[in-house]
Amino acid sequence: MVSNLAKENLQNWIVSWGKRHSSEISDFKETVYLIKKSPLTMVGLAVILILIIMAIFAPYIAPYDPVAMHLDNRLAPPSKAHLLGTDELGRDILSRIIYGAGVALKIVLIVLAIDLPLGILLGLAAGYFGGWIDEIIMRIADIFMAFPRLILAMAIGTALGPSLRNTMIAIALTMWPVYARLARGETLSIKERTFIEAERALGTSNFRILVFNILPICVSTLIVRATLDMGNIIRIAAGMSFLGLGAQPPTPDWGLMVSTGRNFLINQWWVPTFPGFAILLAVFGFNLLGDGIRDISDPYLRRGRQ
Amino acid sequence: MAEEILLEIKDLRVNFYTYRGVVKALNGVNLKIYEGEFFGLVGETGCGKSVTASAVLNLVQNPGKIEEGEILFKQKNLLKMSEKEIREKIRGKEITMIMQYPIAALNPVINNGDQIAEALIANKNMNESEARKRTIELLKEVNIPQPEKIARQFPHQLSGGMAQRVMIAMMLSTEPSLLIADEPTTALDVSIQAQVLSLLKDLISKHRATVLLITHDLSVVAETCSRVGVMYAGDMVEIGTVDQIINNPQHPYTKGLIKAIPSDRSKELVEIRGSVPDLVNPPSGCRFHPRCDYTKPICKKEKPQVLQVEKEHVTACFLYEESRNKKSKEEYAGEYKGGANGRTDSA
């Protein structure tokens, strides 16, 4: 009896939830439909999903321990036992690549977790209040944008000392101006629109206008930009690791693997090549997905909405 | 008509500092609005109606600046209040504004219900479930069918008339004492216009609010308002009750506007020749003189004074002054009845 009642309650709740969120649900269905229609986005999405699964389930998927050395089996070519061969310390390359996905995703997520809020905060403030606040924030951003991103990241990374954590900080410091500028630009155009005037006429405070009216509109643009940047972050992080500024051995980092493997390129090509492919695929996947999301979130593409 | 003055604007001047020069958008506007009335503000595009409205809320946008004048709302000068004070005590609580393009005035990424609920939470200190309940009630009050469904939809899914109703619900949600309606029906088609206006009228009498209705359509004013102010190029040229303005206009501009209303098919429509002057270099003297059919030499030199025609009826025109002087001379010659009593036959 009791369980029946609970079941009914649950069913009612699900039905009413569906009704309350009908427009969101139809929106979501349309998004799925649009993704399905674009094969490249599907490819990107598949690559990223594989990457995420690799990162989360690495201990269960990887055939070997990524840091266990087997010096009797150094530089073994790809075989049944070691699908992608082993490196100069006899470690299984496939296992290291699988664990490396986690390192790469961690870098991406942490850099964006620093940059998105920071960029949004500074950009909204600069765009909305204007005047000297805008001037100060944007001139600092200009200083950061005046240097090539990789060079600046390397400089900061060197100054902080080589480690994975410092690499993330260095990349985050070079990326925030992009988001701040984007958020500022969006805010500048949104704050002139009639509904902001209407909000002002209602006596809404600046804080509420920024958080409840301007932010939700900015966010979509920033998320698109962030997905497009994920590939870049992986690339820069790999570059820094390659130069010895990023992850330190024995971390299974792709850039580091390419870096140590480059000595063996002629005779044992598999050592640097497979990690290189991993970087290539991940960046490619993120770029395809980013492009796809940009197209899908374009309101002009979304027709036939009721 | 209640005799309590709710809003009084005294000699309000607003300038816009642009590249081309200083645009003198408001050139000393005087206005009184009584409690509980429906006041119409009429004039051509660019004559300063909307600027007056935003000045009342102290929301004149850059590069505009309120130069001088007083805006007394419930005997308090709004122009002397700090931005914070006016935001917390006046906007939303005492005075709200309905915009011309309702769909543009609603945030496109927030659903209709949440927008109204947000206004309630921010201004009335309601909690979320109370606000949601009240939102549905408000939507019902503005005659929206299926309010629960509309509350879940987004502004782009609404028609213009619906969106304007949502807007009205939002602006009335905080129970303001003055509602400024800036061309609320301009973007709507005629049949919806009438609906929205009658709805607005009903709601206002129910909520006991006062309305400042800004429009360029004298027929809308005739239908809804009790008193009217006619503006021309930043000047208030005539104020009176609807009856006085429609049946006994004194200023040539008001007369021109009335002649331009399509009323009778047999009558030919008469336009006011010329167009609104450039307010960077406004015409000297009376700003209407280049377009006026009765221009006299003095019109080019001096700004006409505001003169009382009847009770509640004032105008700023030399023609009226002249005819009144003529009349009072005649009256002096005959039997002096005291003061001017209107009726002029000069125009």
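Source: prediction; values computed, not measured.

Here we take up the overall build of chain B. Secondary structure summary: chain B contains twelve helices and twelve strands in total. A compact globule built from 347 residues would reach a C-alpha radius of gyration of about 20 Å, and chain B, at 22 Å, matches this within 12%. Taking the principal axes of the C-alpha coordinates as reference, chain B spans close to 75 × 50 × 40 Å. Across the 347 residues in chain B, those meeting the buried criterion constitute 44%. In chain B, the proportion of contacts linking residues at least 24 apart, taken out of those at least 6 apart, comes to 63%.

Across the boundary between the two partners, chain A contributes 20 residues, which contact 25 residues of chain B. Where the side of chain A that touches chain B is concerned, the elements lending two or more residues are α2 (22–37), α9 (194–201) and α10 (206–242) of chain A. By residue number, the principal contributor to the side of chain A that touches chain B is α9 of chain A, which donates six residues. Along the lines of polarity and charge, the residues of the side of chain A that touches chain B split into seven nonpolar, eight polar and five charged.

Here we take up the confidence of the model for chain B. Predicted confidence across chain B gives a mean pLDDT of 83, with 93% of residues reaching 70 or more. Across residues 334–347 of chain B the pLDDT falls below 50, and counting only partners more than four positions away or on other chains, this stretch makes 21 contacts in the model.

The next point concerns the pairing of strand β10 (residues 235–241) of chain B. In the case of a regular strand, side chains alternate between the two sheet surfaces. Residue and element names in this part refer to chain B. In terms of burial, β10 is a largely internal element, six of the seven residues being buried. Judged from the six bridges that link them, strand β9 (residues 227–232) and β10 form a sheet pairing that is antiparallel. The residue bridging valine 230 from the neighbouring strand is glutamate 238, located in β10. Of the strand pairs in this sheet, β10 and strand β12 (residues 313–315) are connected by two bridges, and their pairing is antiparallel. Across the sheet, the residue bridging to glutamate 238 is threonine 315, located in β12.

Attention now moves to the sheet that holds strand β1 (residues 5–18) of chain B. Residue and element names in this part refer to chain B. Spatial ordering of the open sheet is given by β2-β1-β4-β5, a layout of four strands whose pairing is antiparallel. Looking at the sheet topology across the chains shown, the edges are occupied by β2 (21–34) and β5 (76–77). Pairing geometry for strand β4 (residues 64–73) and β5, over two bridges, is antiparallel. Within β5, the residue paired with leucine 72 across the bridge is asparagine 77.

Residues spaced three or four apart along an α-helix point in a common direction, a consequence of the helix completing one turn every 3.6 residues. If you check α2 of chain A, its first and last C-alpha atoms are 23 Å apart, about what 16 residues at 1.5 Å a residue would give, namely 22 Å. The buried fraction of α2 of chain A is low, at zero of 16 residues.

The next subject is the pairing of β9 of chain B. Residues and elements named next belong to chain B. Here β9 lies mainly inside the structure; six of its six residues are buried. Alternating positions in β9 separate into two faces, Arg227, Gly229 and Met231 on one and Val228, Val230 and Tyr232 on the other, with burial throughout. Both strand β3 (residues 38–42) and β9 contribute to a ladder of four bridges, which runs parallel. For glycine 40, the partnering residue across the bridge sits in β9 and is valine 228. In sequence, β9 turns back onto β10 through a hairpin of two residues, with alanine 233 there showing a positive phi of about 45°.

If you look at the biggest cluster of nonpolar residues, it comprises 170 residues, and the most contacted ones within it are Ile171 and Ile234 of chain A together with Met167 and Leu212 of chain B. Broken down by element, the residue count for this core peaks at 17 residues, all from helix α5 (residues 93–129) of chain A. What leucine 212 of chain B contacts, discounting residues up to four positions off in sequence, is Ile33, Phe39, Leu41, Ala53, Leu178 and Ile180 of chain B.

Attention now goes to the sheet that holds strand β6 (residues 95–98) of chain B. Residue and element names in this part refer to chain B. Strand order in the open sheet formed by eight strands is β6-β7-β8-β3-β9-β10-β12-β11, and the pairing between neighbours is mixed. Each edge of the sheet is formed by a strand with only one pairing partner; in this case those strands are β6 and β11 (307–310). Going from strand to strand, the sheet's axes swing by 20° on average, the running direction of each strand aside. Looking at chain direction, β6 and strand β7 (residues 178–182) are connected through four bridges and run parallel. Bridge assignment links threonine 96 to a residue of β7, and that residue is leucine 179. Together, β6 and β7 form the strand contacts of helix α6 (residues 160–172), whose direction differs from that of β6 by roughly 175°. This element, helix α10 (residues 252–259), spans β3, β9 and β10 of the sheet and lies at about 105° to β9.

Quick notes on the rules
- Residues numbered from 1 in each chain as written.
- Chains lettered and ligands numbered in written order.
- Predicted model: local features only at pLDDT ≥ 70, side-chain atom pairs only at ≥ 80, totals over all residues.
- Helix = DSSP H or I, 4+ residues; strand = E, 2+ residues; numbered from the N terminus.
- Rg over C-alpha atoms; globule rule 2.2 N^0.38 Å.
- Buried ≥ 20, exposed ≤ 12 C-beta atoms within 10 Å, placed from the backbone.
- Contact = placed C-beta atoms within 7 Å.
- Nonpolar A, V, L, I, M, F, W, Y, C, P; charged D, E, K, R; others polar.
- pLDDT = per-residue confidence, 0-100.
- Pairing = 2+ DSSP bridges.
- Expected span 1.5 Å × (residues − 1).
- Core = buried A, V, L, I, M, F, W, Y, C linked by C-beta atoms within 7 Å.
- Axes fitted to C-alpha atoms, helices over the stretch in contact; angles between N-to-C directions.

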